[in-house]
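# A closer look at the structure
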Amino acid sequence: MTARSLIAALLLSLATTVLTGCVDDGMGTSPSSRSAPSDPATVEDGRAIAEAQCSRCHAIGLEGMSPNPAAPVFRTILSRYDQDVLERELIDGMGVAHKPMPQFQFDPQGTDALIAYLRSIQVTSPGRLLVEERCARCHAIGRNDTSPYPGAQPYRNLGQRWTRAQLRDALRSGIIAEHDASGVRFQMKLTDQEIDDFLDFLKSIETPDHPAPR
Ligand code: HEC
Ligand code: HEC
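The model shown is predicted, which means the values in this text are computed figures rather than measured ones.

## Section: the packing of aromatic side chains
- Tallied over the full model, the rule gives 1 aromatic pair.
- Look at tyrosine 155 and phenylalanine 198: their rings are 5.0 Å apart centre to centre, the planes differ by 80°, and that puts the pair in the edge-to-face class. One end of the pair, tyrosine 155, is in the loop between helix H5 (126-134) and helix H6 (158-161); the other, phenylalanine 198, is in helix H8 (residues 192-204), with 43 residues separating them in the sequence. In terms of burial, tyrosine 155 and phenylalanine 198 fall into one category: buried.

Here it is in structure tokens:
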């Protein structure tokens, strides 16, 4: 067991105590009850919890950046968790990520509601997921937003600069970009599947003024 996973396990048992008021055997709850589609009232309860307790740091809706740039946006957060042990891992992840352990106030129903809400807002298209997770902290990915990182081109302009074939070649061999303001450079390379997903994404944001690469 690594130090990190040991801390995670300790925090999990703590989190279980805080969140449910009882210490269980640490094996988590059965996932089957969580996979059923959720009713709108449960989703709404979860949204209310997220609004009250998470929104001052995390972007909790379908768009926008997090108020705290270090806090991941909720619309892609579940992609990091194993679906079969989602509840346990999510709480585990919260325990590790939020030090010192904040006093989140919700009971087991609240956990279900929060997960139901998170499920309801998850991005499902692979291309959007890719750019939200790996590119959006630098590049503008919408129709009229500004790139967070100066010098990183908004994706809506790529069609004016590149053909599909050129962009494919560039992404396959790697694009050299600045990593941060200190001028550290990094090479960004995508697999063929990721390139297809990325090109699909560019298509999904095209407008007559800003066509996707041809
Ligand atoms: C005070 C600001 C703040 C609040 C409030 C907050 N978070 Fe976070 N959260 C963060 C930050 C910052 C991180 C990233 C920490 C890191 O990766 O080291 C994070 C990370 C997480 C992670 C781990 C993400 C991952 O997989 O890497 C989860 C899950 C999470 N938060 C859920 C929640 C939920 C649910 C709430 C509301 C009940 C909440 N957070 C409220 C700041 C906050
Ligand atoms: C840390 C910030 C950062 C991240 C993350 C990032 N980029 Fe970039 N990217 C840049 C910068 C800065 C440039 C401009 C480099 C230059 O012109 O020298 C750039 C340039 C590009 C270009 C060339 C644009 C042009 O018209 O010349 C493409 C395409 C690109 N990035 C795609 C991506 C993709 C796809 C991702 C995510 C998988 C990504 N980038 C993630 C900062 C970033």
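## Observations concerning H5
- Residues of H5 that are buried include every one of Gly127, Leu130, Val131 and Glu132, and no others.
- Here the buried face of H5 lies against H8.

## Observations regarding the confidence of the model for the protein chain
- Across the protein chain, pLDDT averages 83, with 81% of residues at or above 70.
- When pLDDT is averaged over each element of the protein chain, H8 comes out on top at 97 and helix H1 (residues 3-20) at the bottom at 39.

## Concerning the pattern of salt bridges
- Using the criterion set out here, one finds 12 salt bridges in the structure.
- A salt bridge links glutamate 44 to arginine 47; its shortest N-O distance comes to 3.3 Å. Of this pair, glutamate 44 and arginine 47 both sit in helix H2 (residues 40-53), 3 residues apart, which is roughly one turn of the helix.
- By relative accessible area, arginine 47 is classed as partly exposed at 29%.
- Close ionic contact of glutamate 133 with arginine 80 constitutes a salt bridge, the shortest N to O distance being 3.9 Å. Placement of glutamate 133 in helix H5 and of arginine 80 in the loop between H2 and helix H3 (86-97) is noted, with a sequence separation of 53 residues between them.
- The network of salt bridges with shared partners includes Glu44, Arg47 and Glu51.

Calculation criteria
- Residues numbered from 1 in each chain as written.
- Chains lettered and ligands numbered in written order.
- Predicted model: local features only at pLDDT ≥ 70, side-chain atom pairs only at ≥ 80, totals over all residues.
- Heavy atoms only, no water.
- Phe/Tyr/Trp six-rings, centres within 6.5 Å; stacked < 30°, edge-to-face > 60°.
- Helix = DSSP H or I, 4+ residues; strand = E, 2+ residues; numbered from the N terminus.
- Buried < 20%, exposed > 50% of the residue type's maximum accessible area, 1.4 Å probe, protein only.
- Contact = heavy atoms within 4.5 Å.
- pLDDT = per-residue confidence, 0-100.
- Salt bridge = Lys/Arg side-chain N within 4 Å of Asp/Glu carboxyl O.

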